[in-house]
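Below are the chains, spelled out letter by letter.
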Amino acid sequence: IVAVHGLNGDAYRTWTWKPTKKGEKEVLWLRDLLPNEIQDARIFTYGYDSMPTQVAGRASTKFIHQHAESFLQDLYAHRKGDEVYRPIIFIAHSLGGILVKQALNNSSDCHVGHNEHLRSILNSTYGIMFIGTPHNGSGLANWGKFAESVISHVFPKVFVDTNPHLINTLGKNSEVLQMITQKFMSIQHQNPFQIFYFWEELKTKLPNGRMELVVEYSSAVLQGAANVQSYGIHGDHTSICRFENEESPGYDVLVRALIDWREAAPDAVSQKWAQYRDQVMLSNIHNNMSPTGSHIGTRKPAPAGGNISPCSSTIHSPKTEPHFIVSHHPNEVFEGREEDLESLDKILQNPKKREKGNASAVVSGISGSGKTHLVRQYVYKKRDNYPGGVFWVEAVSSASIKLGYWKLAVGLGLTERTRFSEEPHGDFFVHLVTYWFQSHSKWLLVLDGADHETDFELSLLKEIIPGGANGAIIITTVNKALAGRARLGSPEGLTLKNLDTQDCVNILFQYARITEPSTEDIKDAEELVELMDFLPLAIHSAGSSMTVMQMDLGNYLRYYKKQPEVEGLTSFHIILDQLHKRYPEASNLIYILSFVERKVPVAMVEWGMKNWNGPPLVAKKHGLGLNVTLGHLLSYSLIERKNVAEVDDLGRVDTLLMHKVVQDICQLRMKQEGRGRLETYFYHASKMFCRSFRRMEQRRRDKNFSVSDYRRFQVHIAKALSHGNAMKLKSLDIGDALDDLEGSL
């Protein structure tokens, strides 16, 4: 267990509780309390020069990097022999968390032939506790505010007033600090750690007399990652890392997590080391396949009988014309998205990216938004830009990926066999194809439908993504979190947004075969595409339905407005099936949110979950919180999460946004499932928002609430009540839920 202090901190003073009365003793809880809870762990506290003048001085951009390198070397020096395999848990306060992140970033850059011994720190890291660390993912402006708060916190007012450059310089370094966080998040996806964020609930008194939060919640807690917990400690920025005894605020939560991590860490770290050895072995295989590759002399050879024969020479294809292995036909209809096509081409033709490696893009969006449609248009429009060939692989599962690569192996002439079962080396053809890509250039590879999340799935995806240089890769997915992942080559993200109204209307008319629309048709079409949230797949389905059902546009609009069902959106049902199977808590939450308006403040949900007795909304057995559940919904593009400004709010509101299509389909599914499912979820949705409203009322005495807070509750409770009335439910049917809604309204 390694503790790292922050700005102007000290290896001992940062973690030491100071007595307030005579006769009391100082308590260094790392030494005086923690060993009583965990007897078989070595506990280190790391010290370094952290004066603010070092951070904001001339060498400020090198400050974190230099200390991180020294930290790595020092920690490795204290781990002799087999001790390098001991699991590591970091506890970091304030900017010490940035130092830990950069140290792990540096460790991830170490590999065979380049400081490989320091890679052991990353491989052995199991968990990190960030206490008041300013991760801050909400823009550069907040760094300036943080700079002012933290400098004011550690320096006397007269010094701050006469040295304004300290704040300005630290603010300028925000880009460096954000880059550290971005790379760390990529590593976290590739080498998942357990993470616990602690934030301060009380303001800190600064030397200038002001009371401020040094690190706000939005900066202390990063949203959407896996294996994450968070907790607010009732203390200010300084006291949240100092504990007098076992009863001190936050101590029991922190220690309970450490004990749990201590139990789980050995097996998890052992598995991480095994995966690392496999990666080195795979690298060895690829090097052996290369005509100029060399063996990794420091690693153990492959087990007898498990060797893969290296290729003796470069693979040549008998074809002279560019390969075009694409199973999709050109689009019959394509409207709009010209800017997206240009953006995609700009990403893939980036000369700096293609000089150093392959340029790659993740095209993400909710099912039905037109991801495959866009990429298909790009492939046929820009195929001449890729003389090395264009290749398309369905990447929805491991089986489809292997089948796709088998087809490429046959098409490229890498094997004379024509049946999958005839391949003698199992999956060796995958390596043949990836090597072909690595030894050629100016090609385009499309991996369509790669909606992967688990480590196993991502590891498989990583294996099939080729290295080399001057190639281009497109990944389409509903999981926009794949963008930026280091293990996938850090692809640049392109998230599809709504089409323009006119483009959507044109699509509808083409599929509905309306060649001469009337003024009334245009008006109805504009209303219909807006109701469908401008989703191309929904519009396509509606137009086709009109043709099949021989229904004119006006009648179809009236029919649609009466029905919660959206014709033809099977892909949404597939996603919801997957969500229910993998993350039932997220499935429960999206069902509940289907009964209220589409913009829901996160605080409403959190307050409504107090004393919750409905279907599980968080995976309690793993100690995971609401943010993890929301992260699953965000990954599936079923919701968005944004800071929304309201007229009479002083700040922005952390808000969830949902498509009406998603809400409609959720309610349709509940009806189809029967057994009172619709009524049950309606009951719990009603209770959630009424309980949330009562909690705000109770807190009104000591908190400031705006008119907007009441308006939001009014909107959501009225919406839920309208659902109850539409279902013709009575209080007798679902307890007192309707009465509760009416009373709250």
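The shown structure was predicted, so the numbers you read here are calculated from the model rather than taken from an experiment. (Residues numbered from 1 in each chain as written. Predicted model: local features only at pLDDT ≥ 70, side-chain atom pairs only at ≥ 80, totals over all residues. Heavy atoms only, no water.)

Draft legend 1. Structural view of the overall build of the protein. Summing up its helical and strand segments, the protein has 30 helices and 19 strands in all. Counting over 745 residues, the protein shows a buried share of 51%. Approximately 34900 Å² of the protein is accessible, and the part contributed by carbon and sulfur atoms is 49%. (Helix = DSSP H or I, 4+ residues; strand = E, 2+ residues; numbered from the N terminus. Buried < 20%, exposed > 50% of the residue type's maximum accessible area, 1.4 Å probe, protein only. Areas by Shrake-Rupley, 256 points an atom, 1.4 Å probe, with all protein chains shown as cover.)

Draft legend 2. Molecular detail of the packing of helix α13 (residues 338-348) against helix α15 (residues 371-382). For the pair α13 and α15, the least separation of the axes is 10 Å and the interaxial angle reads 65 degrees. Our classification of the angle between α13 and α15 gives roughly perpendicular. As for the relative orientation of α13 and α15, their crossing is right-handed in sense. Where α13 abuts α15, its residues Glu338, Asp340, Leu341, Leu344, Asp345 and Leu348 lie against Leu374, Gln377, Tyr378, Lys381 and Lys382. In the contact of α13 with α15, the residues fall into five nonpolar, one polar and five charged. (Axes fitted to C-alpha atoms, helices over the stretch in contact; angles between N-to-C directions. Parallel < 35°, antiparallel > 145°, perpendicular 65-115°, else oblique. Left-handed = near helix turned anticlockwise from the far one by under 90°. Contact = heavy atoms within 4.5 Å. Nonpolar A, V, L, I, M, F, W, Y, C, P; charged D, E, K, R; others polar.)

Draft legend 3. Focus on unusual backbone geometry. Backbone geometry at Arg337 places phi at a positive 65 degrees, although glycine is not the residue there. Counting through the fold element by element, Arg337 comes out in the loop between β11 (324-325) and α13. Positive phi outside glycine occurs at Ser490, with the angle close to 50 degrees. Along the chain, the position of Ser490 falls in the loop between β15 (472-477) and β16 (492-495).

Draft legend 4. Quick peek at the pairing of strand β14 (residues 443-448). Most of β14 sits out of view: six of its six residues are buried. Residues Trp443, Leu445 and Leu447 of β14 are buried on one face, and the alternating residues Leu444, Val446 and Asp448, pointing to the opposite face, are buried as well. Here strand β13 (residues 389-394) pairs with β14 via six bridges, running parallel. The partner of Val393 across the bridge, within β14, is Leu447. (Pairing = 2+ DSSP bridges.)

Draft legend 5. A look at helix α5 (residues 96-108). With 13 residues, α5 should reach 18 Å at 1.5 Å per residue; the first-to-last C-alpha distance of 19 Å fits that figure. Within α5, 13 of the 13 residues are buried, which leaves it mostly tucked inside the rest of the structure. (Expected span 1.5 Å × (residues − 1).)

Draft legend 6. Highlighting the environment of Val84. For Val84, the location among the structural elements is in the loop between α4 (60-77) and β5 (88-93). Sequence separation between Val84 and Arg119 is 35 residues; the distance between their C-alpha atoms is 9.8 Å. When near neighbours in sequence (up to four residues on either side) are disregarded, Val84 contacts Tyr76, Arg79, Ser120, Ser124 and Trp273.

Draft legend 7. A look at the packing of helix α19 (residues 501-512) against helix α20 (residues 519-531). At a minimum axis distance of 9 Å, the contact between α19 and α20 shows a crossing angle of 110 degrees. Our classification of the angle between α19 and α20 gives roughly perpendicular. Facing α19, whose interface residues are Thr501, Cys504, Val505, Leu508 and Phe509, α20 presents Asp521, Ile522, Ala525, Glu526, Leu528 and Val529.

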